[in-house]
Amino acid sequence: MDDLNKPSQVDSQDQTQSRDSQRRIQSLIKLLADGQFHSGQSLAETLHISRTAVWKMIEKLKQWQIVIFSVRGKGYKIDKGLMLLDQAKIDQALTGKTQFFSRLVCLPSIDSTSSYIAREWQKSPGQPLVCVAEHQTKGRGRKGRKWISPFASNLYFSLGFNLPFGLHALGGLSLAIGICMARVLNQMTLPSVKLKWPNDLLIEGKKLAGILVEASGDKIDNSFINIGIGLNWRMASEQAIDQEWCNLTDYLTGKVDRNELLIQILLELDQCLQIYCRDGFDSFSKQWRDYSAFIDQPICIETRQGKVLGKELGINSNGAIRVMTDSGESIFYSGEVSLRPA
Ligand code: BTN
(Lines give C-alpha, C1' and ligand atoms only; values in the text may rest on other atoms or scores of the structure.)
Protein backbone atom coordinates (compact mmCIF):
# COMPACT_ATOMS: atom_id res chain seq x y z
CA MET A 1 0.00 0.00 0.00
CA ASP A 2 2.99 2.26 0.20
CA ASP A 3 2.52 3.52 -3.31
CA LEU A 4 -0.66 5.42 -2.43
CA ASN A 5 1.04 8.76 -2.08
CA LYS A 6 3.71 8.47 -4.71
CA PRO A 7 4.21 11.46 -6.97
CA SER A 8 2.69 11.07 -10.40
CA GLN A 9 6.01 10.66 -12.26
CA VAL A 10 5.96 6.88 -12.14
CA ASP A 11 6.02 4.37 -14.96
CA SER A 12 2.80 2.91 -16.29
CA GLN A 13 3.06 -0.36 -14.32
CA ASP A 14 3.42 1.60 -11.07
CA GLN A 15 0.50 3.81 -12.08
CA THR A 16 -1.72 0.76 -12.61
CA GLN A 17 -0.68 -0.65 -9.23
CA SER A 18 -1.28 2.70 -7.61
CA ARG A 19 -4.76 2.98 -9.13
CA ASP A 20 -5.56 -0.59 -8.02
CA SER A 21 -4.43 0.05 -4.46
CA GLN A 22 -6.35 3.36 -4.40
CA ARG A 23 -9.47 1.49 -5.55
CA ARG A 24 -9.00 -1.26 -2.94
CA ILE A 25 -8.46 1.15 -0.09
CA GLN A 26 -11.47 3.20 -1.21
CA SER A 27 -13.59 0.03 -1.20
CA LEU A 28 -12.36 -0.83 2.30
CA ILE A 29 -13.15 2.66 3.58
CA LYS A 30 -16.65 2.50 2.05
CA LEU A 31 -17.29 -0.79 3.84
CA LEU A 32 -16.12 0.58 7.18
CA ALA A 33 -17.85 3.96 6.78
CA ASP A 34 -21.12 2.51 8.13
CA GLY A 35 -19.67 2.49 11.66
CA GLN A 36 -20.43 -1.23 12.15
CA PHE A 37 -18.04 -4.09 12.96
CA HIS A 38 -16.66 -6.01 9.97
CA SER A 39 -14.57 -9.13 10.47
CA GLY A 40 -11.17 -9.38 8.78
CA GLN A 41 -12.43 -12.50 6.99
CA SER A 42 -15.55 -10.83 5.55
CA LEU A 43 -13.54 -7.80 4.42
CA ALA A 44 -10.96 -10.07 2.77
CA GLU A 45 -13.70 -12.02 0.96
CA THR A 46 -15.56 -8.94 -0.22
CA LEU A 47 -12.38 -7.27 -1.48
CA HIS A 48 -10.88 -10.52 -2.90
CA ILE A 49 -7.64 -10.06 -0.98
CA SER A 50 -5.90 -11.84 1.89
CA ARG A 51 -6.51 -11.06 5.57
CA THR A 52 -2.91 -9.87 5.79
CA ALA A 53 -3.61 -7.40 2.99
CA VAL A 54 -6.68 -6.20 4.92
CA TRP A 55 -4.55 -5.74 8.05
CA LYS A 56 -1.95 -3.77 6.07
CA MET A 57 -4.61 -1.48 4.68
CA ILE A 58 -6.08 -0.96 8.16
CA GLU A 59 -2.62 0.10 9.35
CA LYS A 60 -2.47 2.56 6.44
CA LEU A 61 -5.85 4.01 7.43
CA LYS A 62 -4.60 4.48 10.99
CA GLN A 63 -1.66 6.48 9.58
CA TRP A 64 -4.28 8.70 7.93
CA GLN A 65 -5.59 9.44 11.42
CA ILE A 66 -8.77 7.36 11.06
CA VAL A 67 -9.58 5.92 14.47
CA ILE A 68 -10.32 2.22 13.94
CA PHE A 69 -11.21 -0.15 16.75
CA SER A 70 -10.14 -3.76 16.37
CA VAL A 71 -11.86 -6.20 18.70
CA ARG A 72 -10.94 -9.88 18.76
CA GLY A 73 -13.83 -12.00 17.47
CA LYS A 74 -15.70 -8.96 16.10
CA GLY A 75 -13.32 -7.33 13.65
CA TYR A 76 -12.78 -3.69 12.72
CA LYS A 77 -15.01 -0.70 13.28
CA ILE A 78 -14.83 3.07 12.77
CA ASP A 79 -16.70 4.56 15.68
CA LYS A 80 -19.65 6.71 14.47
CA GLY A 81 -18.69 5.88 10.85
CA LEU A 82 -17.58 8.41 8.23
CA MET A 83 -19.35 10.82 5.90
CA LEU A 84 -17.35 10.28 2.73
CA LEU A 85 -16.94 12.48 -0.29
CA ASP A 86 -18.73 11.05 -3.29
CA GLN A 87 -17.21 11.94 -6.66
CA ALA A 88 -20.24 10.71 -8.64
CA LYS A 89 -22.59 12.92 -6.61
CA ILE A 90 -20.33 15.97 -6.98
CA ASP A 91 -19.81 15.37 -10.73
CA GLN A 92 -23.54 14.98 -11.26
CA ALA A 93 -24.31 18.26 -9.49
CA LEU A 94 -21.64 20.22 -11.37
CA THR A 95 -21.82 18.81 -14.88
CA GLY A 96 -22.64 21.54 -17.38
CA LYS A 97 -23.11 24.10 -14.60
CA THR A 98 -19.62 25.55 -14.25
CA GLN A 99 -17.30 27.38 -16.58
CA PHE A 100 -14.07 26.81 -14.65
CA PHE A 101 -14.47 23.42 -12.99
CA SER A 102 -15.18 20.96 -15.77
CA ARG A 103 -12.86 18.20 -14.48
CA LEU A 104 -12.70 16.99 -10.89
CA VAL A 105 -10.72 14.22 -9.22
CA CYS A 106 -11.57 13.03 -5.75
CA LEU A 107 -8.75 11.10 -4.05
CA PRO A 108 -8.61 9.20 -0.75
CA SER A 109 -5.12 10.49 0.02
CA ILE A 110 -2.52 12.69 -1.63
CA ASP A 111 0.50 14.67 -0.47
CA SER A 112 -1.25 17.97 -1.21
CA THR A 113 -4.13 18.78 -3.57
CA SER A 114 -2.25 21.93 -4.63
CA SER A 115 0.93 19.95 -5.38
CA TYR A 116 -1.20 17.45 -7.33
CA ILE A 117 -2.48 20.25 -9.59
CA ALA A 118 1.04 21.63 -10.02
CA ARG A 119 2.26 18.16 -11.11
CA GLU A 120 -0.68 17.64 -13.48
CA TRP A 121 0.13 20.97 -15.07
CA GLN A 122 3.62 19.81 -15.89
CA LYS A 123 1.88 17.31 -18.20
CA SER A 124 -0.96 19.51 -19.51
CA PRO A 125 -0.33 23.14 -18.55
CA GLY A 126 -3.30 25.20 -17.48
CA GLN A 127 -5.92 22.52 -18.06
CA PRO A 128 -8.81 23.25 -15.66
CA LEU A 129 -8.81 20.76 -12.81
CA VAL A 130 -10.30 20.49 -9.33
CA CYS A 131 -8.58 18.11 -6.92
CA VAL A 132 -10.40 17.12 -3.73
CA ALA A 133 -8.91 14.76 -1.15
CA GLU A 134 -10.07 13.09 2.03
CA HIS A 135 -6.56 13.26 3.48
CA GLN A 136 -3.26 15.05 2.79
CA THR A 137 0.12 13.81 3.94
CA LYS A 138 1.86 17.14 3.23
CA GLY A 139 -0.91 19.72 3.32
CA ARG A 140 0.58 23.17 2.80
CA GLY A 141 -0.50 26.42 4.43
CA ARG A 142 0.60 30.00 3.73
CA LYS A 143 4.17 31.05 4.55
CA GLY A 144 5.49 27.48 4.45
CA ARG A 145 3.27 26.31 7.30
CA LYS A 146 1.82 22.80 7.49
CA TRP A 147 -1.90 22.27 6.99
CA ILE A 148 -3.02 19.44 9.25
CA SER A 149 -5.24 17.18 7.16
CA PRO A 150 -6.76 14.15 8.95
CA PHE A 151 -8.96 11.80 6.91
CA ALA A 152 -12.60 12.75 6.17
CA SER A 153 -12.54 15.39 8.92
CA ASN A 154 -12.47 18.52 6.77
CA LEU A 155 -12.55 19.75 3.18
CA TYR A 156 -9.26 19.95 1.28
CA PHE A 157 -9.47 21.03 -2.34
CA SER A 158 -7.52 22.91 -4.98
CA LEU A 159 -8.78 24.67 -8.07
CA GLY A 160 -6.51 24.91 -11.09
CA PHE A 161 -7.57 27.19 -13.93
CA ASN A 162 -6.27 29.61 -16.48
CA LEU A 163 -7.23 33.30 -16.69
CA PRO A 164 -6.78 35.55 -19.72
CA PHE A 165 -5.01 38.27 -17.69
CA GLY A 166 -1.44 38.89 -16.76
CA LEU A 167 -0.34 38.40 -13.18
CA HIS A 168 -0.58 42.14 -12.41
CA ALA A 169 -4.37 41.97 -12.92
CA LEU A 170 -4.84 39.35 -10.19
CA GLY A 171 -4.71 41.75 -7.24
CA GLY A 172 -7.63 40.91 -5.01
CA LEU A 173 -8.48 37.54 -6.59
CA SER A 174 -7.79 35.67 -3.38
CA LEU A 175 -9.86 38.20 -1.40
CA ALA A 176 -12.72 37.74 -3.87
CA ILE A 177 -12.51 33.99 -3.28
CA GLY A 178 -12.58 34.55 0.50
CA ILE A 179 -15.62 36.85 0.24
CA CYS A 180 -17.42 34.28 -1.88
CA MET A 181 -16.62 31.45 0.58
CA ALA A 182 -17.86 33.56 3.49
CA ARG A 183 -21.08 34.34 1.61
CA VAL A 184 -21.81 30.63 1.05
CA LEU A 185 -21.00 29.68 4.63
CA ASN A 186 -23.05 32.52 6.09
CA GLN A 187 -26.18 30.96 4.62
CA MET A 188 -25.74 28.07 7.06
CA THR A 189 -23.84 29.33 10.11
CA LEU A 190 -24.40 31.46 13.16
CA PRO A 191 -22.57 33.58 14.24
CA SER A 192 -21.32 34.74 10.88
CA VAL A 193 -18.08 33.94 9.13
CA LYS A 194 -15.70 36.91 8.86
CA LEU A 195 -12.45 37.48 6.98
CA LYS A 196 -9.04 38.29 8.37
CA TRP A 197 -6.99 39.99 5.68
CA PRO A 198 -5.90 38.67 3.30
CA ASN A 199 -7.94 35.49 3.28
CA ASP A 200 -8.43 33.63 6.53
CA LEU A 201 -12.01 32.74 7.37
CA LEU A 202 -12.89 33.10 11.05
CA ILE A 203 -15.85 32.46 13.31
CA GLU A 204 -15.71 34.30 16.64
CA GLY A 205 -12.04 35.06 15.94
CA LYS A 206 -11.15 31.36 15.47
CA LYS A 207 -9.78 30.09 12.18
CA LEU A 208 -12.29 28.08 10.16
CA ALA A 209 -10.62 28.01 6.76
CA GLY A 210 -7.57 29.18 4.87
CA ILE A 211 -6.80 29.90 1.24
CA LEU A 212 -3.45 29.33 -0.45
CA VAL A 213 -2.99 31.07 -3.80
CA GLU A 214 -0.22 30.09 -6.17
CA ALA A 215 -0.01 31.79 -9.54
CA SER A 216 2.34 31.88 -12.47
CA GLY A 217 2.11 33.37 -15.93
CA ASP A 218 3.10 36.44 -17.87
CA LYS A 219 2.52 40.15 -17.39
CA ILE A 220 0.09 40.56 -20.25
CA ASP A 221 -2.58 38.02 -20.95
CA ASN A 222 -2.10 34.63 -19.36
CA SER A 223 -1.97 33.30 -15.83
CA PHE A 224 -2.19 29.87 -14.25
CA ILE A 225 -3.96 29.96 -10.92
CA ASN A 226 -3.82 27.21 -8.31
CA ILE A 227 -6.06 28.00 -5.35
CA GLY A 228 -6.00 25.61 -2.40
CA ILE A 229 -8.73 25.76 0.23
CA GLY A 230 -8.80 23.98 3.57
CA LEU A 231 -11.99 24.19 5.64
CA ASN A 232 -12.32 22.62 9.08
CA TRP A 233 -15.42 20.45 9.27
CA ARG A 234 -15.26 18.08 12.22
CA MET A 235 -11.63 17.78 13.26
CA ALA A 236 -10.72 16.22 16.61
CA SER A 237 -9.76 18.80 19.21
CA GLU A 238 -6.35 17.25 20.03
CA GLN A 239 -4.81 18.39 16.72
CA ALA A 240 -1.61 20.34 17.35
CA ILE A 241 -2.44 23.63 15.66
CA ASP A 242 -0.64 26.75 16.85
CA GLN A 243 -3.59 29.13 16.66
CA GLU A 244 -7.20 29.23 17.75
CA TRP A 245 -9.37 27.29 15.32
CA CYS A 246 -12.91 25.97 15.01
CA ASN A 247 -15.00 23.42 13.12
CA LEU A 248 -17.89 24.36 10.85
CA THR A 249 -20.10 21.64 12.38
CA ASP A 250 -20.00 23.50 15.72
CA TYR A 251 -21.90 26.38 14.12
CA LEU A 252 -24.25 24.79 11.59
CA THR A 253 -27.87 25.78 11.92
CA GLY A 254 -29.16 22.72 10.01
CA LYS A 255 -27.99 19.31 8.83
CA VAL A 256 -25.42 19.67 6.05
CA ASP A 257 -23.80 16.96 3.94
CA ARG A 258 -20.09 17.57 3.27
CA ASN A 259 -20.68 16.80 -0.44
CA GLU A 260 -23.50 19.34 -0.63
CA LEU A 261 -21.32 21.94 1.01
CA LEU A 262 -18.50 21.35 -1.47
CA ILE A 263 -20.97 21.49 -4.38
CA GLN A 264 -22.39 24.82 -3.12
CA ILE A 265 -18.91 26.25 -2.67
CA LEU A 266 -17.78 25.20 -6.15
CA LEU A 267 -20.93 26.57 -7.82
CA GLU A 268 -20.51 29.90 -6.00
CA LEU A 269 -16.78 30.09 -6.71
CA ASP A 270 -17.45 29.52 -10.39
CA GLN A 271 -19.89 32.45 -10.37
CA CYS A 272 -17.36 34.52 -8.47
CA LEU A 273 -14.67 33.84 -11.08
CA GLN A 274 -17.03 34.73 -13.90
CA ILE A 275 -17.81 38.07 -12.20
CA TYR A 276 -14.10 38.66 -11.52
CA CYS A 277 -13.25 38.04 -15.20
CA ARG A 278 -16.04 40.35 -16.37
CA ASP A 279 -15.84 43.21 -13.85
CA GLY A 280 -12.53 42.78 -12.04
CA PHE A 281 -12.15 43.16 -8.29
CA ASP A 282 -14.29 46.31 -8.00
CA SER A 283 -17.60 44.78 -6.89
CA PHE A 284 -15.81 42.56 -4.35
CA SER A 285 -13.71 45.35 -2.84
CA LYS A 286 -16.93 47.22 -1.99
CA GLN A 287 -18.10 44.23 0.07
CA TRP A 288 -14.94 43.99 2.19
CA ARG A 289 -16.29 46.15 5.03
CA ASP A 290 -19.23 43.75 5.51
CA TYR A 291 -16.93 40.75 5.86
CA SER A 292 -13.80 42.08 7.57
CA ALA A 293 -13.33 40.72 11.11
CA PHE A 294 -11.24 43.73 12.17
CA ILE A 295 -12.67 46.71 10.26
CA ASP A 296 -12.18 49.99 12.20
CA GLN A 297 -10.46 48.05 14.98
CA PRO A 298 -6.92 48.37 16.36
CA ILE A 299 -4.64 45.89 14.61
CA CYS A 300 -1.00 44.93 14.41
CA ILE A 301 0.43 44.03 11.02
CA GLU A 302 3.68 42.09 10.98
CA THR A 303 5.66 42.82 7.85
CA ARG A 304 9.21 41.93 6.78
CA GLN A 305 10.23 45.38 8.01
CA GLY A 306 8.70 44.82 11.45
CA LYS A 307 5.42 45.35 13.31
CA VAL A 308 3.13 48.26 12.51
CA LEU A 309 0.27 49.30 14.77
CA GLY A 310 -2.84 51.07 13.56
CA LYS A 311 -6.50 50.83 12.74
CA GLU A 312 -7.84 48.81 9.82
CA LEU A 313 -9.50 51.12 7.30
CA GLY A 314 -10.38 48.47 4.72
CA ILE A 315 -8.73 47.57 1.41
CA ASN A 316 -7.84 49.47 -1.76
CA SER A 317 -8.81 48.60 -5.32
CA ASN A 318 -5.91 46.12 -5.60
CA GLY A 319 -6.77 44.24 -2.40
CA ALA A 320 -3.98 45.82 -0.30
CA ILE A 321 -4.91 46.54 3.33
CA ARG A 322 -5.22 50.19 4.43
CA VAL A 323 -4.05 50.96 7.95
CA MET A 324 -4.30 54.29 9.78
CA THR A 325 -1.09 54.63 11.79
CA ASP A 326 0.14 57.48 14.00
CA SER A 327 1.92 58.89 10.97
CA GLY A 328 -1.02 58.66 8.55
CA GLU A 329 -2.47 56.03 6.22
CA SER A 330 -0.24 53.16 5.08
CA ILE A 331 -0.92 50.46 2.51
CA PHE A 332 0.37 46.89 2.86
CA TYR A 333 0.43 44.23 0.17
CA SER A 334 1.56 41.43 2.48
CA GLY A 335 1.82 40.81 6.19
CA GLU A 336 0.25 38.95 9.08
CA VAL A 337 -2.63 40.78 10.74
CA SER A 338 -3.77 40.32 14.33
CA LEU A 339 -6.21 42.14 16.54
CA ARG A 340 -4.64 44.34 19.22
CA PRO A 341 -6.13 43.94 22.64
CA ALA A 342 -7.86 47.15 23.76
C1 BTN B 1 -3.52 28.94 5.12
O2 BTN B 1 -2.38 28.82 5.59
O3 BTN B 1 -4.39 29.56 5.72
C4 BTN B 1 -3.85 28.31 3.80
C5 BTN B 1 -4.23 26.87 3.97
C6 BTN B 1 -4.57 26.16 2.69
C7 BTN B 1 -4.76 24.68 2.91
C8 BTN B 1 -5.30 24.02 1.68
S9 BTN B 1 -5.89 22.39 2.00
C10 BTN B 1 -6.07 22.12 0.30
C11 BTN B 1 -4.88 22.73 -0.38
N12 BTN B 1 -3.78 21.81 -0.39
C13 BTN B 1 -2.77 22.22 0.35
O14 BTN B 1 -1.70 21.61 0.51
N15 BTN B 1 -3.05 23.40 0.90
C16 BTN B 1 -4.35 23.86 0.52
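For the structure itself, look to the data block above.
In this report, the structure presented in the accompanying data block is examined.

Details of the packing of aromatic side chains
Alright, step 1. Taken as a whole and judged by the stated rule, the model has 4 aromatic pairs.
Alright, step 2. Taking the centre distance of 5.6 Å and the plane angle of 70° together, the rings of Phe100 and Phe161 count as edge-to-face. Taken together, the positions of Phe100 in the loop between α4 (87-94) and β3 (104-107) and Phe161 in strand β5 (residues 154-163) put the pair 61 residues apart, joining distant regions of the chain.
Alright, step 3. Residue classification places Phe161 among the buried positions, given a relative accessible area of 1%.
Alright, step 4. Relative to Phe284, the ring of Tyr276 lies with its centre 6.4 Å away and its plane at 40°, an arrangement referred to as tilted.
Alright, step 5. Tyr276 sits in the buried class, given a relative accessible area of 2%.
Alright, step 6. Residue Phe284 is classed as buried on the basis of its relative accessible area of 2%.

Thoughts on helix α5 (residues 113-123)
Alright, step 1. Within α5, 8 of the 11 residues are buried, leaving the element largely enclosed by the surrounding structure.
Alright, step 2. Inspection of α5 places Thr113, Ser114, Ser115, Tyr116, Ile117, Arg119, Glu120 and Trp121 among the buried residues, and these make up the whole buried set.
Alright, step 3. Packed against the buried residues of α5 are β3, β4 (129-133), β5, β8 (206-217) and β9 (223-232).
Alright, step 4. The N-terminus of α5 is capped by Ser112, whose side-chain oxygen sits 3.2 Å from the backbone nitrogen of Ser114.

Quick notes on the site of the ligand
Alright, step 1. Taken together, the neighbourhood of the ligand is formed by 20 residues, with Ser112, Gln136, Arg140, Arg142 and Lys207 sitting nearest.
Alright, step 2. Between the ligand and Gln136 there is a distance of 2.9 Å, counted from a nitrogen atom to a side-chain nitrogen or oxygen.
Alright, step 3. Between the ligand and the protein, one listed contact pairs a nitrogen atom with a backbone N or O atom of Arg140 at 2.6 Å.
Alright, step 4. Here the ligand has 420 Å² of accessible area as a free molecule, and 99% of this is covered by the chains.
Alright, step 5. When contributions to the shell around the ligand are tallied by element, the ones reaching two or more residues are α5, β5, β8 and β9.
Alright, step 6. In terms of residues, the shell around the ligand owes the most to one element, β8, which gives 4 residues.

Calculation criteria
- Residues numbered from 1 in each chain as written.
- Predicted model: local features only at pLDDT ≥ 70, side-chain atom pairs only at ≥ 80, totals over all residues.
- Heavy atoms only, no water.
- Phe/Tyr/Trp six-rings, centres within 6.5 Å; stacked < 30°, edge-to-face > 60°.
- Helix = DSSP H or I, 4+ residues; strand = E, 2+ residues; numbered from the N terminus.
- Buried < 20%, exposed > 50% of the residue type's maximum accessible area, 1.4 Å probe, protein only.
- Contact = heavy atoms within 4.5 Å.
- Polar contact = N/O pair within 3.5 Å; in protein donor to acceptor, adjacent residues only side chain to side chain.
- Near = heavy atom within 4 Å.
- Areas by Shrake-Rupley, 256 points an atom, 1.4 Å probe, with all protein chains shown as cover.

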